[in-house]
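# Observations on chain architecture
Residue strings, one per chain:
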Amino acid sequence: MEEPSRRIRAVHSDSTVTVYQAYSREIGLPAARDGRFPAAWKRDRMTWIKPSFLWMMYRCGWGAKEGQEIVLAVEISREGFDWALRNACLSSYARDVHPDRVAWQRQLKRAPARVQWDPERDLLLQPLPYRSLQLGLSGEAARRYADEWTVSIRDVTPLAHEIHALVGSGDLGSAARLLPQERPYPVEDEVLAPLRG
């Protein structure tokens, strides 16, 4: 079956959805140890969460980029994730969605969440012809993410390194079997339609 050009794919249960972020050791290690973000995690800054494991690997270089050495799987409530989507705005102007640039800028300024669609990646981190969600959280959304929506935080850096080593040795089959099993995330069409862009 052909993939739609934009779709949210994620590991999810009836009550939670898993997103990925990568941090320095100073943030990532205490977050994984305590299962919550430490006080040093800036709640007043925009933070981007990614439901796609491979897109996160592309972004952080399999946990090798400076300041992104610790890859976290953050399990958050679906209620929170859905709230962020309902209150999100596209991060860039889309003629088919917004009446004009001024209206989009006004919406963007007010919205506590931003949606960006980036090419999904394969195991070699090459772009695929369809896109996956990146969700930016700021203000109320960032605070609620850190202090209310987070259910658990796991350090998946060893998994990232193991998959990367298998890819490097050419064993793509074994690497693929270790990937988190992401599947389409159910979102009401009226929520997603203004975010497709």
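Structure: see above.
Definitions and cut-offs
Residues numbered from 1 in each chain as written. Predicted model: local features only at pLDDT ≥ 70, side-chain atom pairs only at ≥ 80, totals over all residues. Heavy atoms only, no water. Helix = DSSP H or I, 4+ residues; strand = E, 2+ residues; numbered from the N terminus. Contact = heavy atoms within 4.5 Å. Pairing = 2+ DSSP bridges. Axes fitted to C-alpha atoms, helices over the stretch in contact; angles between N-to-C directions. Salt bridge = Lys/Arg side-chain N within 4 Å of Asp/Glu carboxyl O. Buried < 20%, exposed > 50% of the residue type's maximum accessible area, 1.4 Å probe, protein only. Phe/Tyr/Trp six-rings, centres within 6.5 Å; stacked < 30°, edge-to-face > 60°. Expected span 1.5 Å × (residues − 1).

## Here's the deal with the environment of Val 167
- Considering the arrangement of structural elements, one finds Val 167 in helix α6 (residues 157–168).
- Residues Val 167 and Leu 123, spaced 44 residues apart in sequence, show a C-alpha to C-alpha distance of 7.0 Å.
- With residues up to four places along the chain from it excluded, the contact list for Val 167 reads Leu 123, Leu 124, Leu 172 and Ala 175.

## A look at the sheet that holds strand β3 (residues 47–49)
- With mixed pairing, the four strands of this open sheet are ordered in space as β3-β7-β6-β5. Here the strands that pair on one side only, and so sit at the sheet edges, are β3 and β5 (88–90). Here the strands of the sheet are splayed against their neighbours by 40° on average, with no regard to which way each runs.
- Alignment of strand β6 (residues 113–121) against strand β7 (residues 127–137), held across eight bridges, turns out to be antiparallel. By the bridge assignment, Trp 117 is partnered in β7 with Leu 133.
- On the sheet, helix α3 (residues 78–86) packs against β3, β5, β6 and β7 and is oriented at approximately 95° with respect to β7.

## Structural notes on the pattern of salt bridges
- One pass over the structure, following the stated rule, counts seven salt bridges.
- One salt bridge in this structure joins Asp 34 and Arg 33, with 3.0 Å as the shortest N-O distance.
- We classify Asp 34 as partly exposed; its relative accessible area is 42%.
- Taking the shortest distance from any N to any O, the salt bridge between Arg 144 and Glu 140 comes out at 3.0 Å. In this pair, Arg 144 and Glu 140 are both assigned in helix α5 (residues 140–149), four residues apart and thus about one turn of the helix distant.
- With a relative accessible area of 22%, Arg 144 lands in the partly exposed category.
- Several salt bridges share partner residues, and in doing so they unite Glu 3, Arg 7 and Arg 9 into one network.

## Section: the packing of aromatic side chains
- Counted according to the given criterion, the structure contains eight aromatic pairs.
- Considering the side-chain rings of Trp 55 and Tyr 58, the 5.7 Å spacing of their centres and the 65° angle between planes classify their relative orientation as edge-to-face. Note that Trp 55 and Tyr 58 are positioned in helix α2 (residues 53–60) at a spacing of three residues, about one turn of the helix.
- For Trp 55, a relative accessible area of 8% corresponds to the buried category.
- Among the aromatic residues, those joined into a cluster by ring pairs are Tyr 23, Phe 37, Trp 41 and Tyr 145.

## Remarks on α6
- Over its 12 residues, α6 runs 16 Å from end to end, which matches the ideal 16 Å to within 8%, given 1.5 Å per residue.
- Of the residues making up α6, those classed as buried are Thr 157, Ala 160, Ile 163, Leu 166 and Val 167.
- Taken together, the buried residues of α6 touch α2, β4 (70–77), β8 (150–155) and α7 (172–178).
- Where α6 ends, the next residue or the one after it, Gly 170, has phi of about 85°, a positive value.

This is a description of form; function is not addressed.
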